[in-house]
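Breakdown of the fold
Okay, here's what each chain looks like letter by letter:
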Amino acid sequence: MTTVAIIGAGPGLGLATARRFGREGHDVALIARTPQHLDDLTAVLTKEGVHAQGFAADVGDPDSLQAALDAAATLLGPIEVLQYSPVPHRDFMKPVLDTSSGDLAAPLAFSVHGPATAVQQVLPGMRQLGRGTVMFVNGGTAVRPHPDRAGTSVAFAAESAYGQLLHDVLQAENIHVAQLIIPGAITPGDPRKDPDVLADTLWQLHTGRGPYRTFAEPMDA
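Just so you know, these numbers come straight off a predicted model, no measurement behind them. (Residues numbered from 1 in each chain as written. Predicted model: local features only at pLDDT ≥ 70, side-chain atom pairs only at ≥ 80, totals over all residues. Heavy atoms only, no water.)

Observations regarding the sheet that holds strand β7 (residues 213-215)
Hydrogen bonding along the main chain pairs the strands of a sheet, whether they run parallel or antiparallel. With parallel pairing, the seven strands of this open sheet are ordered in space as β3-β2-β1-β4-β5-β6-β7. The open sheet has two edge strands with one neighbour each: β3 (52-56) and β7. Pairs of neighbouring strands in the sheet enclose a mean axial angle of 20°, with direction left out of account. Where strand β2 (residues 27-32) lies against β3, five bridges are found, and the strand directions are parallel. (Pairing = 2+ DSSP bridges. Helix = DSSP H or I, 4+ residues; strand = E, 2+ residues; numbered from the N terminus. Axes fitted to C-alpha atoms, helices over the stretch in contact; angles between N-to-C directions.)

This is the structure in structure tokens:
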């Protein structure tokens, strides 16, 4: 089997996705900033019979992200599935009138430069495989900007556009690009936004290859 790389792996959705894809036989590359955090997640998955390994990287540091993805492909096998789902920093979420041009640099690095770095790193391997899936996970501000969360609203919109462009040009190469919009918070026990439910949705995006954008639940009018 091939590898799923989860950028922004955490104890909620990242862990649930790792379990879901691991259950199907994929190796799992967990990518996040903190080595101890990755060690803890890897230990949980290993006990459950999932072959997983952690790779420390910061999405704001292109060199570290490239190195982590390269190491994952070398040690675990070709990356067929890439999930980009790091949680945005709280300081990205300022009111629009309090957001300077400089305040937008970090959100755009997080939501545009990071994904572009990751996609360019894994794309050659997907082309060699003859297949692949790239999945972006975003909050509701990706499609409905909020005046009190200007950084994520602007950056998620740019990430959405980048993903849509990738979807349109890569489908001819059997590489599917999808976006999952999760309005509000991921909520354990929620019938639509529980981490395990969302992980199953991501599995369906990988296998079903439907439209670019999917909503975890309808957006409020």
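Let's talk about the pairing of strand β1 (residues 3-7)
Of all five residues in β1, five are buried, a share of seventy percent or more. Here β1 shows two buried faces, one formed by T3, A5 and I7 and the other by V4 and I6. Alignment of β1 against β2, held across five bridges, turns out to be parallel. Within β2, the residue paired with V4 across the bridge is V28. For the segment spanning β1, helix α1 (residues 13-23) and β2, crossover handedness is right-handed. Bridge analysis of β1 against strand β4 (residues 79-84) gives five bridges, and the strand direction is parallel. Each bridged residue has a counterpart across the sheet, and for V4 the counterpart in β4 is V81. (Buried < 20%, exposed > 50% of the residue type's maximum accessible area, 1.4 Å probe, protein only. Right-handed = clockwise from strand over helix to strand, strands pointing away.)

With respect to the pairing of β4
Counting buried residues along β4, six of its six residues qualify, which places the element largely inside the surrounding structure. Here four bridges tie β4 to strand β5 (residues 132-139), and the two strands are oriented parallel to one another. Residue pairing for β5: Q83 is matched across the bridge by M135. In the classification by handedness, the crossover that spans β4, the intervening helix α4 (residues 105-129) and the parallel β5 is right-handed.

Points about the packing of α1 against helix α6 (residues 195-208)
Two numbers describe how α1 lies on α6: the axes approach to 8 Å, and their chain directions differ by 50°. Here α1 is positioned oblique relative to α6, judged by the angle of their axes. For the crossing formed where α1 meets α6, the hand is right-handed. Contacts between α1 and α6 involve L13, A16, T17, R20 and F21 from the first element and P195, D196, L198, A199, D200, L202, W203, Q204 and H206 from the second. Partitioning the contact of α1 with α6 into residue classes produces eight nonpolar, three polar and three charged. (Parallel < 35°, antiparallel > 145°, perpendicular 65-115°, else oblique. Left-handed = near helix turned anticlockwise from the far one by under 90°. Contact = heavy atoms within 4.5 Å. Nonpolar A, V, L, I, M, F, W, Y, C, P; charged D, E, K, R; others polar.)

Side note on unusual backbone geometry
Phi at N174 is positive, roughly 65°, even though this residue is not glycine. Along the chain, N174 falls in the loop between α5 (150-170) and β6 (175-182). The exposure class of N174 is partly exposed, given its relative accessible area of 37%. Phi angles above zero are rare outside glycine, and R209 is one such case at about 55°. The residue R209 is located in the loop between α6 and β7 in this model.

Don't take any of this as a statement about function, it's just geometry.
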